[in-house]
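Breakdown of the fold
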Amino acid sequence: MKKQKLVDFIAKVMEDSGFKVYKDFRTSQHIVDIYGILPTALGDIGVVVACKNYDENWKVGMDVLKEMEMAAKTLKASKVVIVTTSDFSSQARNYAVKRNMKLIDRKGLIRIAEDFSKKIQVPEDEDEEYPDEEEVEVYTPPSNIFHTAPQRGFYQEGRAANLWLQL
């Protein structure tokens, strides 16, 4: 998977979760793969995301976590997320736990992709679940309803009686 595809995929998942997403977001000192803002009633929540497309055997280290931590401080983001197609070093995992960072490794990424694909799959018999045209049930009143005009009262006299009978 090329890095841009990884960034695009994670951005799509975030957008579907309600985030406003900015890809390749630049600050004066950093470039963040994804800067997401989740609008809430309590205020906007900012998230910085790094997407690392590494060989399966490579381990993401402390340098990436510290760089993203600095970018988060600059942007006043509430959360740091690092997604990789590989794995994280044990030192990076320990650091992330202490700093409340979210790390998504290859297995986590595959799980996200599987869950996301279930959301967007079209059912096999799409006519039943997603009809092209909306089926509308037409109401047909009983045939004797218009033949029972009132015998007495206001509707019997003048224009009102004629309107009633024309129905």
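Provided above is the structure to which this section pertains.
Residues numbered from 1 in each chain as written. Predicted model: local features only at pLDDT ≥ 70, side-chain atom pairs only at ≥ 80, totals over all residues. Heavy atoms only, no water.

**Things to note about the pairing of strand E2 (residues 31-38)**
Among the eight residues that make up E2, six are buried, leaving the element largely enclosed by the rest of the structure. Remark: four residues form the turn of the hairpin made by strand E1 (residues 20-26) and E2, two consecutive strands paired antiparallel. Alignment of E2 against strand E3 (residues 45-52), held across five bridges, turns out to be antiparallel. The residue bridging Ile37 from the neighbouring strand is Gly46, located in E3. (Buried < 20%, exposed > 50% of the residue type's maximum accessible area, 1.4 Å probe, protein only. Helix = DSSP H or I, 4+ residues; strand = E, 2+ residues; numbered from the N terminus. Pairing = 2+ DSSP bridges.)

**Here we look at the nonpolar core**
With 22 residues, the main nonpolar core has Val48, Leu65, Met68, Val80 and Ile82 as its most contacted residues. Those elements that provide at least two residues to this core are E2, E3, helix H2 (62-75), strand E5 (79-84) and helix H3 (90-99). Broken down by element, the residue count for this core peaks at seven residues, all from H2. When residues no more than four places from it in sequence are discounted, the contact partners of Leu65 are Val60, Ile82, Ala92, Tyr95, Ala96, Met101 and Leu103. (Core = buried A, V, L, I, M, F, W, Y, C linked by side-chain atoms within 4.5 Å. Contact = heavy atoms within 4.5 Å.)

**Observations regarding the sheet that holds E5**
Taken in spatial order, the five strands line up as E1-E2-E3-E5-E7 in an open sheet, and their pairing is mixed. Only two strands of the sheet have a single neighbouring strand rather than two, namely E1 and strand E7 (102-104). Put simply, the sheet's adjacent strands are angled 25° from each other on average, direction ignored. Both E1 and E2 contribute to a ladder of six bridges, which runs antiparallel. Bridged to Tyr22 within E2 is Tyr35. In the packing of helix H4 (residues 106-120) onto the sheet, contacts are made with E5 and E7, and the angle to E7 comes to roughly 80°. (Axes fitted to C-alpha atoms, helices over the stretch in contact; angles between N-to-C directions.)

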